[in-house]
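Examination of the molecular architecture
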Amino acid sequence: MDVDALRKQAALHAKPPGLAFHYGTAGFRMRAEHLDHVMFRMGLLAALRSKQTGAAIGVMVTASHNPEEDNGVKLVDPLGEMLAPAWEEHATRLANAEDPDLPRALLRIVEEAAVEPARDAVVLIGRDTRPSSEQLAQAAREGVAALGGRLHDYGLLTTPQLHYMVRCRNTDGRYGKPTLDGYYRKLSSAFAELTKQASRSGDERASVKVDCANGIGALKLREMEPHVSPGLAVQLFNDGTKGKLNHLCGADFVKTHQKPPHGLEMKPNERCCSLDGDADRIVYYYLDAAGAFRLLDGDKMAVLMSTFLQELLAEVGESFSVGVVQTAYANGNSTRFLEEVMKVPVYCTKTGVKHLHHKAQEFDVGVYFEANGHGTALFSEAAEVKIKQLAESEDRKGKAAKVLANLIDLFNQTAGDAISDMLVIEAILALKGLTVQQWDALYADLPNRQVADRTVISTTDAERRAVTPPGLQEAIDSLVSGYRLSRAFVRPSGTEDVVRVYAEADSQESADSLAHAVSLAVFELAGGIGERPQPGFTR
Ligand code: 16G
Ligand code: MG
């Protein structure tokens, strides 16, 4: 390492004094103006990780569903997965090192992680549409170059597309071609194969309205549209030409407020969905005949997908292990339906895709979803090989295996992907001849409410029980016991400076009132700051 050259480069990306940085649930996130040095250093870190693994590493510049003024960065590991936990710690230390200590901080990582500094490094970079993203991507590129790494800059990409590119590059093309065209072709040909078998009444083409959160999803769906248009009409809204990113629209807005996004006109029974700002989350919704808004969130998607996969697996007749992975936010009725009606084993992990993904990898077929719409299905290599082999035969088993084989290609198995999930949902609805209402009717959601408070607490049992402060969990338990079909928990957010409060019960009034009572208990017992929680606020 040429320390003098590095110091000179780093001096162009000086660390602002007095701020602490943390590689959180999904990387670094904060106001864009504080991130220049973080980006440069994540370029350095990606180069080191690449030298250590001998594989291409991804750097994604995005702050997902957060406001347009924010930005962030996350690193993508060789198989398209989230960065390994030990490297999250390296990332945090590197981002916080004072400028004069930077070379030393780098050397410490080289030693602790046994990096071979002379090895080649390859780093793939992608960014979302935020105004700050291009300049921040440039800082990351300079970081990679400062350690002699080779760069492939993909420019504008959705987060899952970057995950896909990384995986393709590191698997000699077995996962697909590491180009946008490769991504569109892989997904659209699997989608076409699947929907070819669907028996829609008449020649009516399926159609879906998509709220793109004024983000990258709009650009990429527009590019993909010609590839899927024979089977699916995609109408784009909030495509970034007028509105502000994630403002009053997008998957996070729709899920937390439980109402439609601005900028999308719905007619009763039309199928609509919302992506988030980097297109790794999706939720569906519609207006019922009475004009009421109905949300189909990650739990509804998990149920539809796992039910369909289970039916196909039963026809194929192999004894693959199957598991569904959720978090504490999963609606209680979705978990009950999966366990009691579908008889699928359900597991609960901490919030954050990396935790769900990790758990889902334990199964031949693992479906994971956060209620907020982030998820996918994973297939073990053994299951994929077997299924693709069975798909060669022309009998009944072979037919089911063919559908499964196409689903394997349609799911983005690197992380949740709104575009891929949308195509999976559309394919399943078409194949099963289900309307959005029939899908919704698989089980009824328990009314629920999420609020936030600024306090300090710690949790256990997949974040479902509070350990500190003393007395808080007892207070929650006693409040919960006053409602029917109720459940509530609190946990510190891993991405924002708040504690999240979740409550569900037999009616919306009860869920709201329980959420408010629990947030008051949190505020009082956990040293809340600012105003006392008011009833009815949602964030
Ligand atoms: C991030 C996470 C998501 C999590 C959300 C809220 C990834 C890729 N994304 O978007 O999984 O649900 O933050 O987390 O991990 P929080 O409740 O800890 O703030
Ligand atoms: Mg996102």
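Please refer to the structure higher up on the page.
Attention here is on the structure that accompanies the text. (Residues numbered from 1 in each chain as written. Chains lettered and ligands numbered in written order. Predicted model: local features only at pLDDT ≥ 70, side-chain atom pairs only at ≥ 80, totals over all residues. Heavy atoms only, no water.)

**Concerning the overall build of the chain**
Basically, it comes down to this: A helix here means a DSSP run of H or I that spans at least four residues, while a strand means a run of E at least two residues long, and both kinds are numbered starting from the N terminus. Only C-alpha atoms enter the radius of gyration; for comparison, a globular chain is expected to reach 2.2 Å times N to the power 0.38, where N is the number of residues. For the exposure calls, accessible area comes from a 1.4 Å probe over protein chains only, and a residue counts as buried if that area is under 20% of its type's maximum, exposed if over 50%, partly exposed in between. It only takes one pair of heavy atoms within 4.5 Å for two residues to be counted as in contact. The Shrake-Rupley method, run with a 1.4 Å probe, gives the accessible areas here. Residue values count only the displayed protein chains as cover. Asp and Glu are treated as the negative residues and Lys and Arg as the positive ones, with His and the ends of the chain left uncounted. All charge positions are set by atom: Lys at NZ, Arg at CZ, Asp at CG, Glu at CD.
Along its length, the chain carries 18 helices and 19 strands. Taking 24 Å as the expected radius of gyration for a compact globule of 539 residues, we find that the chain reaches 23 Å, a close match to that expectation. Projected onto the principal axes, the alpha-carbon positions of the chain cover approximately 70 × 60 × 45 Å. For the chain, the proportion of its 539 residues judged to be buried stands at 59%. Considering only contacts within the chain whose residues lie at least 6 apart along the sequence, 69% involve residues at least 24 apart. When the accessible surface of the chain is summed, it comes to about 21,300 Å², and 51% of that surface belongs to carbon and sulfur atoms. Looking at the chain, you have 60 positive and 72 negative side-chain charges, and the mean spots of the two groups are 1 Å apart.

**What about the packing of aromatic side chains?**
Aromatic rings in a pair are described by how distant their centres are and how their planes are angled relative to each other. As a reminder of what qualifies: The pairing test for Phe, Tyr and Trp rings, Trp by its six-membered ring, is centres within 6.5 Å, and the orientation test on the planes gives stacked under 30 degrees, edge-to-face over 60, and tilted for anything in between. Either the NZ atom of lysine or the CZ atom of arginine qualifies as a charge over a ring when it sits within 6 Å of the ring centre and within 35 degrees of the ring normal.
Following the criterion strictly, the structure yields twelve aromatic pairs and no others. With a centroid separation of 5.6 Å and an interplanar angle of 75 degrees, the aromatic rings of Tyr183 and Tyr184 are classed as edge-to-face. Overall, the relative accessible area of 0% leaves Tyr183 in the buried class. For Tyr184, a relative accessible area of 3% corresponds to the buried category. Linked through ring pairs, Tyr164, Tyr175, Tyr183 and Tyr184 together constitute an aromatic cluster. One cation-aromatic arrangement involves Arg167 over Tyr175; the distance from NZ or CZ to the ring centre is 4.5 Å. The lysine or arginine in question, Lys186, covers the ring of Tyr175, its NZ or CZ lying 3.5 Å from the ring centre.

**Let's talk about the sheet that holds strand β1 (residues 28-31)**
The following threshold applies: One requirement defines pairing of two strands: DSSP has to find at least two bridges between them. Helix axes use the C-alpha atoms of the stretch in contact, all axes being lines fitted to C-alpha atoms, and the angles between their N-to-C directions lie in the range 0 to 180 degrees.
Pairing in this open sheet of five strands is mixed, and the strands run β1-β3-β2-β4-β5 from one edge to the other. Edge strands, defined here as strands with exactly one partner in the open sheet, are β1 and β5 (150-156). In this sheet, neighbouring strand axes are inclined to one another by 15 degrees on average, regardless of whether the strands run parallel or antiparallel. Pairing analysis gives five bridges linking strand β4 (residues 122-127) to β5, with the strands arranged parallel. Each bridged residue has a counterpart across the sheet, and for Val123 the counterpart in β5 is Leu151.

**Re the pattern of salt bridges**
For clarity, the cut-off: Salt bridges are identified by distance alone: a Lys or Arg side-chain nitrogen within 4 Å of an Asp or Glu carboxyl oxygen.
All told, the structure shown has 39 salt bridges when counted by the stated rule. Note that Lys220 and Glu223 form a salt bridge whose closest N and O atoms lie 3.2 Å from each other. Here Lys220 pairs with Glu223, and both are found in helix α8 (residues 216-228), just three residues apart, close to one helical turn. In this structure, a network of salt bridges that share partners links the residues Arg127, Glu134, Arg141 and Asp153.

**A closer look at the sheet that holds strand β12 (residues 346-349)**
Strand pairs in the sheet, formed through backbone hydrogen bonds, run parallel or antiparallel to each other. Here four strands make up an open sheet; going across it, the order is β12-β11-β13-β14 and the pairing mixed. If you trace the sheet from one side to the other, it starts and ends with β12 and β14 (375-379), each paired once. The mean inter-strand angle of the sheet, taken between neighbouring strand axes irrespective of direction, is 20 degrees. Two strands pair when backbone bridges link them, and strand β11 (residues 322-327) and strand β13 (residues 365-369) are joined in this way by four bridges, in the parallel orientation. By the bridge assignment for β13, Gly323 is matched with Gly366.

**Re the site of ligand 1**
Put simply, the test is: Near is defined per residue: the residue qualifies when any heavy atom it owns lies within 4 Å of the molecule or strand. Contacts described as polar in this section are N or O atom pairs within 3.5 Å, which, within protein, must combine one atom able to donate a hydrogen with one able to accept it, while residues neighboring in sequence count only if both atoms come from side chains.
Taken together, 18 residues surround ligand 1, and among them Glu370, Ser493, Gly494, Thr495 and Arg500 come closest. At 3.2 Å, a backbone N or O of Val353 approaches an oxygen atom of ligand 1. In the model, an oxygen atom of ligand 1 is placed 2.5 Å from a nitrogen or oxygen of the Ser493 side chain. Burial of ligand 1 by the protein amounts to 96% of the accessible area it has alone, namely 450 Å².

**Some remarks on helix α14 (residues 396-410)**
A turn of α-helix holds 3.6 residues, and therefore any two residues three or four places apart point the same way. Using the following cut-off: For a helix, the expected span equals 1.5 Å multiplied by the number of residues minus one.
Along its 15 residues, α14 runs 21 Å from first to last C-alpha, staying within 8% of the 21 Å computed at 1.5 Å per residue. Every buried residue of α14 is listed here: Gly398, Ala400, Ala401, Val403, Leu404, Ala405, Asn406, Leu407, Ile408 and Leu410.

**Topic: unusual backbone geometry**
For the peptide bond that leads from Thr468 to Pro469, omega is -5 degrees, which places it in the cis range. Relative to the helices and strands, Pro469 resides in the loop between β17 (465-468) and α17 (472-480). Phi is positive for Ser64, close to 50 degrees, though the residue is something other than glycine. Tracing the backbone through its elements, the reader meets Ser64 in the loop between β2 (57-61) and β3 (70-76). According to the relative accessible area criterion, Ser64 is buried, its value standing at 4%. You will see that Ala213, though not glycine, has its phi angle at about 60 degrees, which is positive. Structurally, the position occupied by Ala213 is in the loop between β6 (206-211) and α8. We classify Ala213 as buried; its relative accessible area is 0%.

**Overview of the side chain of Asn331**
Looking at the secondary structure, you find Asn331 in the loop between β11 and α11 (332-341). Using a relative accessible area of 2% as the deciding quantity, one classes Asn331 as buried. A polar contact of 2.8 Å, which involves the side chain of Asn331, links it to the backbone oxygen of Leu446. Filtering out sequence-adjacent residues up to four positions away, Asn331 remains in contact with Asp299, Asp445, Leu446, Asn448, Tyr502 and Glu504.

**Some remarks on the environment of Leu156**
Secondary-structure assignment places Leu156 in strand β5. Accessibility expressed as a relative area gives 27% for Leu156, which makes it partly exposed. Taking the C-alpha atoms as reference points, Leu156 and Lys220, separated by 64 residues in sequence, lie 8.7 Å from one another. Not counting residues up to four positions away in its chain, the partners in contact with Leu156 are Arg127, Asp128, Thr129, Ile216, Leu219 and Lys220.

**Quick notes on the coordination of the magnesium ion (ligand 2)**
Our working rule: For Na, K and Ca the donor cutoff is 3.2 Å, while for all other metals N, O and S atoms count as donors only within 2.8 Å; water does not appear among the atoms, so some sites may look incomplete.
The magnesium ion (ligand 2) binds to the protein through Ser64 (OG), Asp276 (OD), Asp278 (OD) and Asp280 (OD); the donor distances cover 2.0 to 2.1 Å. Sequence spacing among the residues donating to the magnesium ion (ligand 2) works out to S-x211-D-x1-D-x1-D. Exposure class is identical for Asp278 and Asp280. Each is buried.

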